[in-house]
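So you can see what is in the structure, the chains are spelled out below.
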Amino acid sequence: MPRILLISVRLHEGRYHGEGDNPPSPARLFQALVAGAGLNGPLGGKETDALDWLERLDPPVIAAPLLTGGQNFENFVPNNDLDAKGGDHRKIAGIRTSKTIRPLLFDAGVPFLYAWTFETDEVNHRHADTICALAERLYQFGRGVDMAWASGEILDNEIEFERRLASYAGAVHRPLVGDGRLLPCPRRGTLDSLMNRYEANAKRFRMNRAGRKVTQTFWQKPKARFAHIAYDSPPKRRIHELRERGPDAPFATWPLERAAELVEKLRDSAASRLRDALPAKIHDIERVLIGRKANGADDGPATQRIRIAPLPSIGHAHADHGIRRVLVEIPASGPLRVDDVNWAFAGIEIAGFDNKPLDVTPTGAEDMLKHYGVDDCFRVWRTVTPAALPESARRRRIDPERASQEVKGGAERSAEQQCAAVSVFHALRHARVRSRPEEIRVQREPFAAHGRRVEAFARDTRFAKERLWHVEIRFSEPVIGPLVIGDGRFLGLGLMAPVRQQTQGIHAFTIQAGLTAKAQPGDLVRALRRAVMARVQKALGDNRRLDPFFTGHEFNGAAARSETHPHLSFLFDPTRKRLMVVAPHRIERRSPIKQEPKNLAILDKAMAGFRELSAGSAGRLTLVATPIDLDSDPLFAPSRIWASATPYQATRHKKRAGATEALSADLRTECRRRGIPIARVTPLEMRGIPGVGLTAFMKLEFNAAVRGPLILGRSRHLGGGLFKGAPE
C-alpha cells in the first residue's frame, strides 16, 4: 500500500523572501534539507542514500498558506564589479547598486506541507525515516533571513493525507500534465550537482602567474540540476441542481438565453447569506463573489473570483440546452472557506422563470462535467452561451426601420468578424489560457441545433447584443476544461464545450523538405519513434518513466504485448510522403480505455510544435502537421479493396505449408484478431528474409466496404503492414 512522506515547514516570521517561486518549490526544500544535513560536516552514507532516494520520487503535492505581496524596499549591495575600481576594496561604496526586495506575507501559524508518495517496503521506509530526521535539522527556508524549522512524519495512506488537506487553511498545488505554474523539483542527479556546486565555490577564484605579475580569475560555479514541473492549484467544484418543490422534486428547467439572470439571482442570494453569517468579511464577499470593491468599483484581478457557471443540457443531438444544473467554482487561493461558500449556495430558494419557487440542491452527480471537458484536454472548443467580447468587437447596429438602406456588404461583415477574432485573443489572455489559437471562427448563429442566437442573450444584461459572438477555437495544444471566456464569464456567458475530434489519436506530418534519395522507410520510422519518446519525456519531466503506451516495452525492458499493453504505431506513407503516429485504439477499432485518455493528452501536448526531425542518413526533415479527412484519405476512408502500402510481415509461419498459403492464413488470423470481416487474400511479391521471415505485398478484398486504418502483421508498430484503399 502506498504511504505518504509528509514534511511540515514553519517560518519564524510570516515572511518569505525567496524569489521566482510561489509557492516555495520542492527544490527549495531539498536544498534546505541538504544544508541542514551538512551543518556538522560532509554527508554520511545514510543521509546521502536517503536524499538520493528522495530525488527519484515523483514530484510532491504542495500545500501553502495564502501568500500576499508585502511592501517593497530597497537594499544597496555591491554589484560584483570591483575590477572597475582597480580591485581596491576601500572603494566598494562606489559600486553599490540598489536591489528591490518584496517579501511574501502569510499566516505564520499555517505550515508549508510537502507530501511524497512511496511504495511500502523496508528499504523505502528506512529512507523515509532518515528524511524525517533530516527535517529536524532544517534551519532556514528560502533566503538566509527566512529562519525556519521543520518536522517529518509518515502517513499510512492517502486517505489520511486528503483528510488533512480538507481542513488545511491554504491552497493545495498538485503536479499535473499540461500548462501550469512551473516549479523546480529535485530529479535524479540533483544531489550530486549541489555537492559539485559546493566544492566549486571554494575554487571560484584562481591565481594566474605571468612572470612576476599575479592576476586573479573568477570561475562561475556550475548550476544545480532541477526538473521544472507544472503545478496547479485546482479550484473546488460543487454542482447544484435546480429542483421544483413537492414530492419527488423533479428537475426545473431554466431557459438557456436567460443564463445571466440565473447567475445573478444565485450570486446575490449567496452573497446575502454570507454577509449575514460573516459580517467581518463583507469586503472579501463583495470582491470575490460580487466582483466589486468596497467603494463600488469593479475589482480587477479575477484569480480569486468565485465563478457560477450554468450547465445547459448538452451531449446529444436532441438535448434541449435547458439549464438544470449549476457549477460553482471556488479558487483554492480565495479568502473565503470552501465550506462557507458551499453552505451559502446549498438550499437557496429563488423564483423560477415562471415565478414558481425553485430549490437549489447540491449533488454529487458529476456526469454533466464531462460534456464541458472538466479536467480533460481538447484542442477544439465551441461556445454554448455566446462570449461578450470587448467594445472593439462590436458590430455596427442596423436600425430596424432602415434595414434595407443600412444593409452590410461582404467586406464590412468580414472586417467585423476579423475584429471579433482579434478580440478573442485578448479574451483568452484574460481567462489565463496559454495555448496559442490556430484557428478562430465567430458567428451569431449557434453551433448546435437547439442553441440560441446571440441576440437572445443580451436581454436585461449590461452587454449590448452587438458585442456577443458565438466562437469556435482550434488550439495548437490541448486546453483543459472548463473553459469560459469573455467579459461575461462570471455571469454565465462565454461557456464553451469541447468538440471531440474524430481524428483523436492520429498525428500526421507531411515531409516538406530534407528527404534524401536513399532514405529507407525503416530509418524514418525509427527516427520518428525516438523523437516522439524524447518529446513525451520532456513533457513529463526527466524524472518520470515513460509508459509502455509510448515505448512499446515493459518497465523491465521486455517487449510489450499489444493485447495486454497496447502501444503506439509509427508509420511512413510513401505515396504521400507522410509520417504518422497512430494510437492503438484507432487500430483496434475501439474507444480509449484505462490510462489511454491520459496518455493521449500527453501525446497531444508533446507533438504540438513538432516541425523538424533528424533522421540520420534519411535527412534532416522539415515537417508540416497535416489534417486527416477520414472520409477521403486512402488510409482511412471506407473501401472494399485494400492493397499494401508497406510490406506485410507474417507473425508466424504455418507448418507444412507453402509461402502463399502461410501468408494467406496468417493474414486471415490477423484480421479475425482485429475484428475485421474475413477477406479474400492475394499475396504479391513474396520474399523470405533471413532473420525476419516471410514478407509480401498483399491485396485484400472484402464483401463490404471496411474503414481504415488497416495496420497488420508483426512489424505493424514500426511501419510495416500498412494498407491503403484501392479502386475497384
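Above this text you will find the structure in question.
Note that the structure is a prediction, hence the values are computed from the model and not measured.

## Quick word on the overall build of the protein chain
Thought 1: The helix and strand inventory of the protein chain stands at 14 helices and 35 strands.
Thought 2: Counting only C-alpha atoms and orienting by the principal axes, one finds that the protein chain spans roughly 90 × 90 × 55 Å.
Thought 3: The proportion of buried residues among the 728 residues of the protein chain is 46%.
Thought 4: Across the protein chain, every contact between residues at least 6 apart in sequence was considered, and the portion connecting residues at least 24 apart equals 74%.
Thought 5: Accessible area for the protein chain stands at about 36900 Å²; split by element, carbon and sulfur atoms hold 49% of it.
Thought 6: In the protein chain, the 112 positive side-chain charges and the 85 negative ones have mean positions that sit 6 Å from each other.

## Overview of the packing of helix 1 (residues 26-37) against helix 2 (residues 45-55)
The relative placement of two packed helices is expressed as an angle between their axes plus a distance between the axes.
Thought 1: Two elements in contact, helix 1 and helix 2, have axes separated by 12 Å at closest approach and are oriented at 175°. Taken together, the axes of helix 1 and helix 2 are roughly antiparallel relative to one another. On helix 2, the residues touching Phe-30, Leu-33 and Val-34 of helix 1 are Leu-51, Leu-54 and Glu-55.

## Focus on helix 6 (residues 259-277)
Thought 1: The first and last C-alpha atoms of helix 6 sit 27 Å apart over 19 residues, in line with the 27 Å expected at 1.5 Å per residue.
Thought 2: Buried within helix 6 are the following residues: Ala-259, Ala-260, Leu-262, Val-263, Leu-266, Arg-267, Ala-270, Ala-271 and Leu-274. Looking down the long axis of helix 6, one finds its buried residues gathered within 155° of arc, a one-sided arrangement.

## Describing empty space enclosed by the protein
Thought 1: Taken as a whole and judged by the stated rule, the model has two cavities of 30 Å³ or more.
Thought 2: The volume enclosed by the second largest cavity comes to roughly 30 Å³.
Thought 3: As for the second largest cavity, its lining consists of Val-288, Gln-304, Ile-306, Ile-330, Pro-331, Gly-334, Pro-335, Leu-336 and Val-341.
Thought 4: Classifying every residue of the lining of the second largest cavity by side-chain character gives seven nonpolar, two polar and no charged.

## Side note on the sheet that holds strand 3 (residues 61-64)
Thought 1: Strand order in the open sheet formed by seven strands is 9-1-8-3-10-14-11, and the pairing between neighbours is antiparallel. If you trace the sheet from one side to the other, it starts and ends with strand 9 (148-155) and strand 11 (181-185), each paired once. On average, adjacent strands in this sheet sit at an angle of 25° to one another, irrespective of strand direction.
Thought 2: The sheet contact formed by strand 1 (residues 3-11) and strand 9 spans eight bridges and is antiparallel. Within the sheet, the bridge partner assigned to Ile-4 lies in strand 9 and is Leu-155.

## Structural notes on the sheet that holds strand 7 (residues 104-105)
Thought 1: The strand order across the open sheet built from three strands is 2-7-4, with neighbouring strands paired in antiparallel fashion. The strands lining the two open edges of the sheet, one partner per strand, are strand 2 (15-16) and strand 4 (68-69).
Thought 2: Pairing between strand 2 and strand 7: two bridges, direction antiparallel. Paired with Tyr-16 across the bridge in strand 7 is Leu-104.

## Some words on the pairing of strand 3
Thought 1: Side chains of strand 3 alternate between two faces, with Val-61 and Ala-63 and Ile-62 and Ala-64 buried alike.
Thought 2: Strand direction decides the pairing type here: strand 3 and strand 8 (residues 112-118), joined by three bridges, are antiparallel. Across the sheet, residue Ala-63 finds its bridge partner in strand 8, namely Leu-113.
Thought 3: Where strand 3 meets strand 10 (residues 171-175), three bridges bridge the pair, whose relative direction is antiparallel. Across the sheet, the residue bridging to Ala-64 is Ala-171, located in strand 10.

## Some thoughts on the nonpolar core
Thought 1: Judged by nonpolar contacts, the single largest core of 51 residues is most densely connected at Leu-262, Leu-266, Leu-289, Ile-306, Phe-345, Tyr-372 and Leu-468.
Thought 2: Of all the secondary-structure elements, those providing two or more residues to this core are strand 15 (236-244), helix 6, helix 7 (282-290), strand 16 (307-312), strand 17 (323-330), helix 8 (338-345), strand 19 (357-363) and strand 25 (495-498).
Thought 3: With eight residues, the single largest contributor to this core is helix 6.
Thought 4: Ignoring sequence-local partners within four residues, the contact set of Leu-468 consists of Pro-386, Ala-387, Ala-388, Arg-395, Val-454, Phe-457, Ala-458, Phe-463 and Leu-493.
Thought 5: Judged by nonpolar contacts, the second largest core, of 43 residues, contains Leu-5, Tyr-114, Cys-132 and Tyr-231.

## Structural notes on helix 8
Thought 1: Among the residues of helix 8, those classed as buried are Val-341, Asn-342, Ala-344 and Phe-345. Down the axis of helix 8, the smallest arc covering the buried residues is 160°, so these residues share one side.
Thought 2: Looking at the buried residues of helix 8, the elements they touch are strand 15, helix 6, helix 7, strand 16, strand 17 and strand 19.

## Re the packing of helix 10 (residues 521-540) against helix 13 (residues 596-607)
Thought 1: Between helix 10 and helix 13, the shortest axis-to-axis distance is 9 Å and the interhelical angle comes to 105°. By the angle between their axes, helix 10 is roughly perpendicular relative to helix 13. Touching Val-532, Arg-535, Val-536, Ala-539 and Leu-540 of helix 10 are Ile-602, Leu-603, Lys-605, Ala-606 and Met-607, all from helix 13.

## Focus: the pattern of salt bridges
Between side chains of opposite charge, pairing is possible as soon as their charged atoms come close.
Thought 1: Evaluation of the coordinates by the stated rule reveals 44 salt bridges.
Thought 2: Salt-bridge contacts for Arg-394 lead to Glu-391; the nearest nitrogen and oxygen are separated by 2.9 Å.
Thought 3: Overall, Arg-394 belongs to the partly exposed group, its relative accessible area being 37%.
Thought 4: Its relative accessible area of 47% is what places Glu-391 among the partly exposed residues.
Thought 5: Residue Glu-391 is joined to Arg-467 by a salt bridge in which the shortest nitrogen-to-oxygen separation is 3.6 Å. Within this pair, whereas Glu-391 is found in the loop between strand 21 (387-388) and helix 9 (410-430), its partner Arg-467 is found in the loop between strand 22 (437-443) and strand 23 (468-480), the two being separated by 76 residues in sequence.
Thought 6: A relative accessible area of 9% places Arg-467 in the buried class.

## A look at the environment of Ala-63
Thought 1: Relative to the assigned elements, Ala-63 resides in strand 3.
Thought 2: The contacts of Ala-63, once residues within four sequence positions are left out, are Pro-111, Phe-112, Leu-113, Leu-165, Tyr-168, Ala-171 and Val-172.

## Focus on the environment of Phe-112
Thought 1: Considering the arrangement of structural elements, one finds Phe-112 in strand 8.
Thought 2: Counting along the chain gives 593 residues from Phe-112 to Ala-705, while the straight-line C-alpha distance between them is 62 Å.
Thought 3: Discounting residues that sit within four places of it in the chain, Phe-112 has contacts with Ile-7, Ser-8, Val-9, Leu-11, Pro-24, Ala-63, Ala-64, Pro-65, Leu-67, Phe-106, Phe-141 and Tyr-168.

## Remarks on the side chain of His-127
Thought 1: Position of His-127 among the secondary structure elements: in helix 3 (residues 122-135).
Thought 2: Leaving out residues up to four positions away in the same chain, His-127 has contacts with Asp-49, Ala-50 and Trp-53.

Cut-offs used in this document
- Residues numbered from 1 in each chain as written.
- Predicted model: local features only at pLDDT ≥ 70, side-chain atom pairs only at ≥ 80, totals over all residues.
- Heavy atoms only, no water.
- Helix = DSSP H or I, 4+ residues; strand = E, 2+ residues; numbered from the N terminus.
- Buried < 20%, exposed > 50% of the residue type's maximum accessible area, 1.4 Å probe, protein only.
- Contact = heavy atoms within 4.5 Å.
- Areas by Shrake-Rupley, 256 points an atom, 1.4 Å probe, with all protein chains shown as cover.
- Lys, Arg positive; Asp, Glu negative; His and termini not counted.
- Charge placed at Lys NZ, Arg CZ, Asp CG, Glu CD.
- Axes fitted to C-alpha atoms, helices over the stretch in contact; angles between N-to-C directions.
- Parallel < 35°, antiparallel > 145°, perpendicular 65-115°, else oblique.
- Expected span 1.5 Å × (residues − 1).
- Arc of directions from axis to C-beta.
- 1 Å grid on protein atoms, 1.4 Å probe; cavity = no way out; pocket = protein on both sides within 12 Å on 5 of 7 lines; lining within 4 Å.
- Points joined across faces, edges and corners; volume = space filled by probe spheres on them.
- Nonpolar A, V, L, I, M, F, W, Y, C, P; charged D, E, K, R; others polar.
- Pairing = 2+ DSSP bridges.
- Core = buried A, V, L, I, M, F, W, Y, C linked by side-chain atoms within 4.5 Å.
- Salt bridge = Lys/Arg side-chain N within 4 Å of Asp/Glu carboxyl O.

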